[in-house]
Amino acid sequence: MKIILWCLCTACFIGCFPIQQNTESDTPQLLFQSPLPALPTSIQKLPSEISLAVFVLENGTVEQVRFSKSSGSNEWDSLAVSAIKQWHFSPARMNGKPFSTWCHLRAPLHYASPLLFSLAEILCATKETADSIYEALEQGQEFSKLAQQYSIDTSRENHGIIGEVDVYCYPENIRSTLKGLDIEDYTKPLLYGNHYAIFKRIKKTE
C-alpha cells in the first residue's frame, strides 16, 4: 500500500484572534483533513514539522494558506497548499458568532498508510442529545433510523452513511477510537469540533 504523508491533528493554534475581557471565544478546530502529498525524491529527509497560517472562513473552509516554515521543496509546498485548502475546521466564534480569521499553526509530520473504513455517523449539536441517542442505541434502536431523525449532518439523508473514509483524516481523539471498531460496532459520543458525533463501522458498500 502506498505510504502517504500526513499532517497530525495535534497542531498548535497560535494567535487566531484577540481574546477580550468578558467575551466567550472558540478557536477553530481541525475536523477533517485530506492527505498531504508524498515527498518528492528531491527531498532526502522528512522535515519534522511545518509552520503555516490558514485563513479559515465562517463556514470552516480554508481560503488561503501561507507557509512560514516549509518542507524545503517549492513543488511539495504548492501541492500541500492545494491539499490543505480541502481541510475543514470548526469556525472561530466570538460570543457564539462565527467569523473568518487567520490562524497560525505548527504541525508535526509523519508517514502513515491509509486505513480505510466504511462508516456511518450521527452528528449532534449537544452532548445531551448525543447521550440520549447513545442510550437509544444501547436499547436496540436502529442506527440508521436515529441518524435520519436526529443527525444535523447532511449524511442523515443517506441513513447516516458517509462511505469509505481514511480514519487518519479525523482528529486524534476520533481516529484512535475508530481504529478499535469492529464491523457493526459504534462509538460512544465523541467531541467533534463544537458538536458531538457517534460513528458506526459498517460493511463495505459496493
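Residues numbered from 1 in each chain as written. Predicted model: local features only at pLDDT ≥ 70, side-chain atom pairs only at ≥ 80, totals over all residues. Heavy atoms only, no water.

To continue, consider the environment of Val167. Assignment of secondary structure puts Val167 in the loop between strand 12 (161-166) and helix 4 (172-179). Sequence-distant contacts of Val167, that is, excluding residues within four places in its chain, are made with Leu115, Phe117, Arg175, Leu178 and Lys179. (Helix = DSSP H or I, 4+ residues; strand = E, 2+ residues; numbered from the N terminus. Contact = heavy atoms within 4.5 Å.)

Another point: the sheet that holds strand 14 (residues 195-201). What the four strands build is an open sheet, ordered 12-11-14-13; its pairing is antiparallel. Two strands close off the open sheet at either side, each with one partner strand: strand 12 and strand 13 (190-192). Here the strands of the sheet are splayed against their neighbours by 50 degrees on average, with no regard to which way each runs. (Pairing = 2+ DSSP bridges. Axes fitted to C-alpha atoms, helices over the stretch in contact; angles between N-to-C directions.)

Let's shift gears to the pattern of salt bridges. Evaluation of the coordinates by the stated rule reveals five salt bridges. Among the ionic pairs, Asp131 bridges to Lys127, the shortest N-O distance being 2.9 Å. Note that Asp131 and Lys127 are positioned in helix 2 (residues 127-138) at a spacing of four residues, about one turn of the helix. What makes Lys127 partly exposed here is its relative accessible area of 39%. The salt bridge involving Glu172 is made with Arg175; its shortest N-O contact spans 3.0 Å. With Glu172 and Arg175 both in helix 4 and three residues apart, the pair spans about one turn of that helix. Accessibility expressed as a relative area gives 37% for Glu172, which makes it partly exposed. (Salt bridge = Lys/Arg side-chain N within 4 Å of Asp/Glu carboxyl O. Buried < 20%, exposed > 50% of the residue type's maximum accessible area, 1.4 Å probe, protein only.)

This part covers the nonpolar core. If you look at the biggest cluster of nonpolar residues, it comprises 20 residues, and the most contacted ones within it are Leu36, Leu52, Val54, Val65, Ile84, Trp87 and Phe89. Listing elements by their share of this core, those giving two or more residues are strand 5 (49-56), strand 6 (62-69), helix 1 (74-84) and strand 10 (101-112). (Core = buried A, V, L, I, M, F, W, Y, C linked by side-chain atoms within 4.5 Å.)

Side chains three or four residues apart in an α-helix point the same way, a direct result of the helix having 3.6 residues per turn. Taken as a whole, helix 4 has its buried residues at Ile174, Arg175 and Leu178. Within helix 4, the buried residues cover an arc of 100 degrees as seen down the axis, which keeps them to one side. Buried residues in helix 4 make contact with strand 11 (116-124), strand 13 and strand 14. (Arc of directions from axis to C-beta.)

With that settled, the discussion passes to the pairing of strand 5. Most of strand 5 is tucked away: seven of the eight residues are buried. Of the strand pairs in this sheet, strand 5 and strand 10 are connected by eight bridges, and their pairing is antiparallel. Bridge assignment links Val54 to a residue of strand 10, and that residue is Cys103. As paired elements, strand 5 and strand 6 share six bridges and run antiparallel to each other. Residue Val54 lies in a different strand from strand 6, and its bridge partner there is Val65. Between strand 5 and the antiparallel strand that follows it, strand 6, lie five residues; Gly60 among them carries a positive phi value of about 90 degrees.

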